[in-house]
Amino acid sequence: AQSVSQHNHHVILSEAASLELGCNYSYGGTVNLFWYVQYPGQHLQLLLKYFSGDPLVKGIKGFEAEFIKSKFSFNLRKPSVQWSDTAEYFCAVNRYNNNDMRFGAGTRLTVKP
Amino acid sequence: DGGITQSPKYLFRKEGQNVTLSCEQNLNHDAMYWYRQDPGQGLRLIYYSQIVNDFQKGDIAEGYSVSREKKESFPLTVTSAQKNPTAFYLCASTSSGRAEETQYFGPGTRLLVL
């Protein structure tokens, strides 16, 4: 079965530190890849997504992610985190033309001021 | 203000009881989805609907039922057959149901069993 793995359950960083959150998926076909974020007290919302084209995608608030097909990975990065980036981050994958979305377990990011 | 509303915010279920969770959207989206979120497990798809009067089972449909009689509404019923219903339930929608589209989420309903 298709699955999505997020390697870190809880990450704690100081402001201005660099961030990389890992995401790997198991499905071998053509996929769409997403990162969603849930800020405290807010709805889950899209951070960025990849479905075709440049494998390096940029999202909101200075986040980016790189799709590496050979590694089945879609890691999320930000060069310098802020306190306001404290949130839970979910990686999600679905197959081309298939709405069966699979989510990772989530990574909680805490940024210390 | 366009968006997705879910009600109630908290819902309590007694043993053997069916309960229905409401999801309404005013985004004019064709497709709607129900997910269940458990601690440490992320979101799992229960059901989705790409068009009125049509829906498909997701990964964990057993013990749940849905209907899609109106475009803006996609209620989820948690039946007595669902033996472990305590969870956080999220509703989402996409514009036309294509897999690459962004999903827009509601605030969620937390279901607790008494």
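Above this text you will find the structure in question.
Residues numbered from 1 in each chain as written. Chains lettered and ligands numbered in written order. Predicted model: local features only at pLDDT ≥ 70, side-chain atom pairs only at ≥ 80, totals over all residues. Heavy atoms only, no water.

Draft legend 1. Examining the overall build of chain B more closely. Broken down by element type, chain B carries 0 helices and 11 strands. Helices and strands in chain B line up, N terminus first, as β-β-β-β-β-β-β-β-β-β-β. Whereas a compact globule of 114 residues would reach a radius of gyration of roughly 13 Å, chain B reaches 13 Å, a difference of no more than 12%. Here the C-alpha coordinates of chain B stretch approximately 35 × 30 × 25 Å along the principal axes. Put simply, chain B has 114 residues, and 51% of those count as buried. If the 12 positive side-chain charges of chain B are averaged to one point and the 12 negative ones to another, these points end up 7 Å apart. (Helix = DSSP H or I, 4+ residues; strand = E, 2+ residues; numbered from the N terminus. Rg over C-alpha atoms; globule rule 2.2 N^0.38 Å. Buried < 20%, exposed > 50% of the residue type's maximum accessible area, 1.4 Å probe, protein only. Lys, Arg positive; Asp, Glu negative; His and termini not counted. Charge placed at Lys NZ, Arg CZ, Asp CG, Glu CD.)

Draft legend 2. Fine view of the overall build of chain A. Within chain A one finds 0 helices and 12 strands. By principal-axis analysis of the C-alpha atoms, chain A measures approximately 40 × 25 × 20 Å. Long-range contacts, defined as pairs at least 24 residues apart, comprise 55% of the intrachain contacts of chain A with a sequence gap of at least 6. Working note: accessible area of chain A is about 5,400 Å², and carbon and sulfur atoms make up 51% of it. Counting 11 positive and 8 negative side-chain charges, chain A places the centres of these two groups 4 Å from one another. (Contact = heavy atoms within 4.5 Å. Areas by Shrake-Rupley, 256 points an atom, 1.4 Å probe, with all protein chains shown as cover.)

Draft legend 3. Region of interest: unusual backbone geometry. All names here are of chain B. In the segment running from S7 into P8, the intervening peptide bond is cis, with an omega of -5°. With respect to the helices and strands, P8 occurs in the loop between β1 (4–7) and β2 (10–13). Of note, N28 is a non-glycine position whose phi angle comes to about 60°, a positive value. By the element assignment, N28 lies in the loop between β3 (19–25) and β4 (31–38).

Draft legend 4. Region of the structure containing the interface of chain A and chain B. The interface is formed by 20 residues belonging to chain A together with 22 residues belonging to chain B. Surface buried jointly by chain A and chain B totals about 1,700 Å² across both partners, of which 53% is contributed by carbon and sulfur atoms. Considering only the side of chain A, the residues that lose the most area to chain B are H43, N99 and F103 of chain A, jointly responsible for 35% of the buried surface there. Where chain A touches chain B, the interface holds 1 salt bridge. Here D59 of chain B makes a salt bridge to R102 of chain A, at a shortest N to O gap of 3.6 Å. Between the two partners, chain A and chain B, sit 7 residue pairs in polar contact (both at pLDDT 80 or more). Looking at the side of chain A that touches chain B, the elements that each hand over two or more residues are β5 (31–38), β6 (45–50), β10 (87–95) and β11 (102–103) of chain A. The residue inventory of the side of chain A that touches chain B, partitioned by class, reads 9 nonpolar, 7 polar and 4 charged. (Buried area = accessible area lost by both parts, 1.4 Å probe. Salt bridge = Lys/Arg side-chain N within 4 Å of Asp/Glu carboxyl O. Polar contact = N/O pair within 3.5 Å; in protein donor to acceptor, adjacent residues only side chain to side chain. Nonpolar A, V, L, I, M, F, W, Y, C, P; charged D, E, K, R; others polar.)

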